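# Analysis of the macromolecular model
The chain contents come next:
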Amino acid sequence: MADECGQTPSIARVYDYLLGGRDNYAVDREIGDRFKVDLPGSVAIAHTNRGALVRAVRTLARAGIRQFVDLGSGLPTADNVHQVAQRHQPGAAVVYVDTDPTVLAHGRALLAENESTTVVQGDVRTPDAIRHHPETERLIDFGRPVGIILSAVLHHLNDDENPAEAVRYWSDRIAPGSYVFISHFRRGHNEETEAAQAELIGAFGRGRWRTDAEILALFGGLDLQEPGIVPAVQWRPDPAEESRLPTVWERLIAAGLARKTQGVSV
């Protein structure tokens with residue numbers, strides 16, 4: 001599918017649209033509107049996922065993590081990873097990675113005056129190019145603990161693209177005390193899940209929703225932190241949200257955080 005400007009739908013721009021952003025095209029809004037009509041909880045899913053990401057970055061920054069690699073970062077929005085991290089760790093280094101040229105253009109404009117933050121073009125399926133990108137090497141010291149962020153990206157990889165290997169690449173190279181955060185569309189073997197997965201694949205021609213056990217397996221041998229693999233809305237909620245139960249739609253995205261090696265948990 002392409003619009004009159006020759007654009008094809010972008011995962012990052014559709015997500016931006018669902019979050020209420022303006023950095024998207026008609027072709028992206030067409031896909032986003034399909035999600036809104038066919039999956040009326042899709043906007044809630046997007047906001048639920050974003051909230052879990054913010055809490056995860058805040059958790060890691062408060063624990064002393066001062067450098068982050070955000071893989072499949074998407075377009076800038078409120079409370080970006082660098083804003084949350086630097087709120088608690090001034091000068092924290094953040095490398096944003098995405099394949100979408102729109103993300104690169106907007107990200108570079110936003111971060112032009114932030115010397116400890118950058119955006120690079122890269123694909124989660126080719127991690128070595130990301131790891132050895134000059135900008136990554138400029139900002140990230142892999143001899144010290146780092147936070148690897150894989151927020152709502154691995155469900156866009158098919159099984160034959162081996163998402164677990166993409167995670168293992170980073171877990172093998174990060175220092176002890178580092179963390180990996182993953183959020184992922186969650187298969188519930190129900191009508192909502194089947195409809196949502198069909199919509200995702202129909203829109204982008206790829207992707208797979210996974211069970212909690214399959215999401216857990218993505219972490220490999222890393223030490224899963226409390227509360228484990230749970231609906232994103234229930235991942236370390238703020239006090240005002242602690243007693244709220246997730247809707248059937250909010251149950252469709254899960255989150256988890258794991259630490260490299262045994263040690264003190266956060």
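Before any of the text, the structure's been laid out above.
Below is a short write-up of the structure. Keep in mind that what you see is a predicted model, and the values were worked out from it rather than measured. (Residues numbered from 1 in each chain as written. Predicted model: local features only at pLDDT ≥ 70, side-chain atom pairs only at ≥ 80, totals over all residues. Heavy atoms only, no water.)

### Notes on the pairing of strand β5 (residues 179-185)
- Extensive coverage of β5 is indicated by the burial of 7 of its 7 residues.
- Of the two faces of β5, both are covered, the one formed by Y179, F181, S183 and F185 as well as the one formed by V180, I182 and H184.
- In this structure, strand β4 (residues 147-151) lies alongside β5, joined through 5 bridges in parallel fashion. Among the inter-strand pairings, G147 is bridged to a residue of β5, identified as Y179.
- Crossover handedness for the path β4 to helix α8 (residues 163-173) to β5: right-handed.
- Bridge count between β5 and strand β8 (residues 253-259): 7 bridges; the pairing is antiparallel. (Buried < 20%, exposed > 50% of the residue type's maximum accessible area, 1.4 Å probe, protein only. Helix = DSSP H or I, 4+ residues; strand = E, 2+ residues; numbered from the N terminus. Pairing = 2+ DSSP bridges. Right-handed = clockwise from strand over helix to strand, strands pointing away.)

### Concerning helix α3 (residues 42-62)
- Its 21 residues give α3 an end-to-end C-alpha distance of 31 Å, which sits within 8% of 30 Å, the value for a rise of 1.5 Å per residue.
- Of all 21 residues making up α3, 16 are buried, and the element is well covered by its neighbours.
- Once α3 finishes, G64 follows within two positions and takes phi at roughly 105°, a positive value. (Expected span 1.5 Å × (residues − 1).)

### A word on the pattern of salt bridges
- Applying the stated criterion across every chain, the model contains 15 salt bridges.
- A salt bridge links R244 to E250; the shortest N-O distance between them is 3.0 Å.
- A single network of salt bridges, built from pairs that share partners, joins D159, R208, R210 and E214. (Salt bridge = Lys/Arg side-chain N within 4 Å of Asp/Glu carboxyl O.)

### Side note on the nonpolar core
- Residues V57, F68, V81 and F181 are the most contacted members of the largest nonpolar core, which totals 40 residues.
- For this core, the element with the highest residue contribution is α3, accounting for 9 residues.
- When residues no more than four places from it in sequence are discounted, the contact partners of F68 are V57, L60, A61, V81, A85, A93, V94, V95, I140, V146 and G147.
- Of all hydrophobic cores here, the second largest spans 32 residues; its members include V120, V153, L154 and A166. (Core = buried A, V, L, I, M, F, W, Y, C linked by side-chain atoms within 4.5 Å. Contact = heavy atoms within 4.5 Å.)

### Thoughts on the layout of surface pockets
- By volume, the largest pocket is sized at about 920 Å³.
- The wall of the largest pocket is formed by 45 residues, among which I11, A12, A152, V153 and H156 lie closest to the centre.
- Taken together, the residues of the lining of the largest pocket break down into 24 nonpolar, 13 polar and 8 charged. (1 Å grid on protein atoms, 1.4 Å probe; cavity = no way out; pocket = protein on both sides within 12 Å on 5 of 7 lines; lining within 4 Å. Points joined across faces, edges and corners; volume = space filled by probe spheres on them. Nonpolar A, V, L, I, M, F, W, Y, C, P; charged D, E, K, R; others polar.)

### Re unusual backbone geometry
- Residue P227 follows E226 across a cis peptide bond; omega there is 5°.
- Among the structural elements, P227 can be located in the loop between β6 (223-224) and β7 (230-231).
- Non-glycine residue N162 carries a positive phi angle of around 55°.
- When you line up the elements, N162 lands in the loop between β4 and α8.

### Some words on the environment of N80
- Assignment of secondary structure puts N80 in the loop between β1 (67-71) and α4 (81-88).
- When the C-alpha atoms of N80 and G107 are compared, they prove to be 11 Å apart, with 27 residues separating the residues in sequence.
- Setting aside anything within four residues of it in sequence, one finds N80 in contact with R50, Y96 and L110.

### So, the packing of α3 against α4
- Direction vectors running N to C along α3 and α4 enclose 30°, while the axes themselves pass 8 Å from each other. The angle between the axes of α3 and α4 places the two elements in the roughly parallel class. For α3 against α4, the interelement crossing comes out right-handed. Contact residues: L53, V54, V57, R58, A61 and R62 in α3; V81, V84, A85 and H88 in α4.
- Here the contact of α3 with α4 is built from residues that sort into 7 nonpolar, 1 polar and 2 charged. (Axes fitted to C-alpha atoms, helices over the stretch in contact; angles between N-to-C directions. Parallel < 35°, antiparallel > 145°, perpendicular 65-115°, else oblique. Left-handed = near helix turned anticlockwise from the far one by under 90°.)

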